[in-house]
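Read off the chains here:
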Amino acid sequence: GEAVGTAAALAVSRKVSIRDLQRGHIRDLQQALLAGDCYLPGIAQAMPEPTRSAVLTASSGDPAPLLDGINRPVGDDEHAWTGRVGDALEFRWPTARRLSRITLVFDSNLAKPFLFSHMHKWYPDIPLAPPPELVKAFTLETRRDGAWAPLQTVTDNYQRLFKAACDAETDGLRVRFQATWGSEPVRVFAFYVE
């Protein structure tokens, strides 16, 4: 259903038929689905230019998996950065640039059984709370002329895919993790900007 809806929206925005979309726009459709957190085996999400032109660092651990375009574990490869509460991820650019959107993909333990709230009466042992692995609280900050300023603070996140509009002229962007829903490590599958 998501693929059909995304294809229809893409066809309308490109002013082409679905048949023409199949002929020349399949990669665009795949990338739109990946940006919406769909999983397409064997296809990596392409990172936007502002992400590719930045230097990404982490206060601990290796942030490289955040940019590999695979936003979930596959086989033995986690495709994730793992840190701790208090750690930060940071993009830096040589000169200030305008950003329009920030995206984070958090660990929501996709292997955990999923339970709709109306089914809780049949499965009372499965909690309805967000998974303990999910990031609960974090702060986004921008850097300009050497000084960091808060952009957005999230204190009650319950989503795996977090997207925020951003209209900022900045030479740095940082996310600092303040809490999960209970798990000790912080795991993030993707962090990118447009």
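Here the structure is a predicted model, which is why all the values come from computation and not from measurement.

A separate point is the packing of aromatic side chains. A complete count under the given rule lists six aromatic pairs for this structure. Seen from their ring centres, F138 and F162 are 5.0 Å apart, and the 90° between their planes marks the pair as edge-to-face. Residue F138 is located in strand β4 (residues 135-144), and its partner F162 is located in strand β6 (residues 161-180); the two are separated by 24 residues in the primary sequence. Residues F138 and F162 agree in their burial class; the two are buried. Through pairs of rings, three or more aromatic residues link up here, namely W81, F106, F138, F162 and F177. Positioned over the ring face of W181 is K136, at 4.5 Å from the centre of the ring. It is R174 that lies over the ring of W148; its NZ or CZ is 4.0 Å from the centre.

With that settled, the discussion passes to the pairing of strand β7 (residues 185-193). Most of β7 is tucked away, with eight of its nine residues classed as buried. Bridge count for strand β2 (residues 81-84) against β7 is four bridges, and the pairing is antiparallel. If you follow G83 over to β7, its bridge partner there is V186. Where strand β3 (residues 88-106) meets β7, five bridges bridge the pair, whose relative direction is antiparallel. Counterpart to I102 in the pairing with β7 is V193.

Now for the packing of helix α1 (residues 2-14) against helix α3 (residues 26-35). Taken N-terminus to C-terminus, the directions of α1 and α3 make an angle of 125°; their axes are 10 Å apart at the nearest point. Taken together, the axes of α1 and α3 lie oblique to each other. Helix-helix and strand crossings are classified by hand; for α1 and α3 the assignment is right-handed. Here E2, A3, T6, A7, L10 and R14 of α1 come into contact with α3, specifically with D28, L29, A32 and L33. Residues belonging to the contact of α1 with α3 are distributed by class as follows: six nonpolar, one polar and three charged.

Calculation notes
Residues numbered from 1 in each chain as written. Predicted model: local features only at pLDDT ≥ 70, side-chain atom pairs only at ≥ 80, totals over all residues. Heavy atoms only, no water. Phe/Tyr/Trp six-rings, centres within 6.5 Å; stacked < 30°, edge-to-face > 60°. Helix = DSSP H or I, 4+ residues; strand = E, 2+ residues; numbered from the N terminus. Buried < 20%, exposed > 50% of the residue type's maximum accessible area, 1.4 Å probe, protein only. Lys NZ or Arg CZ within 6 Å of the ring centre and 35° of its normal. Pairing = 2+ DSSP bridges. Axes fitted to C-alpha atoms, helices over the stretch in contact; angles between N-to-C directions. Parallel < 35°, antiparallel > 145°, perpendicular 65-115°, else oblique. Left-handed = near helix turned anticlockwise from the far one by under 90°. Contact = heavy atoms within 4.5 Å. Nonpolar A, V, L, I, M, F, W, Y, C, P; charged D, E, K, R; others polar.

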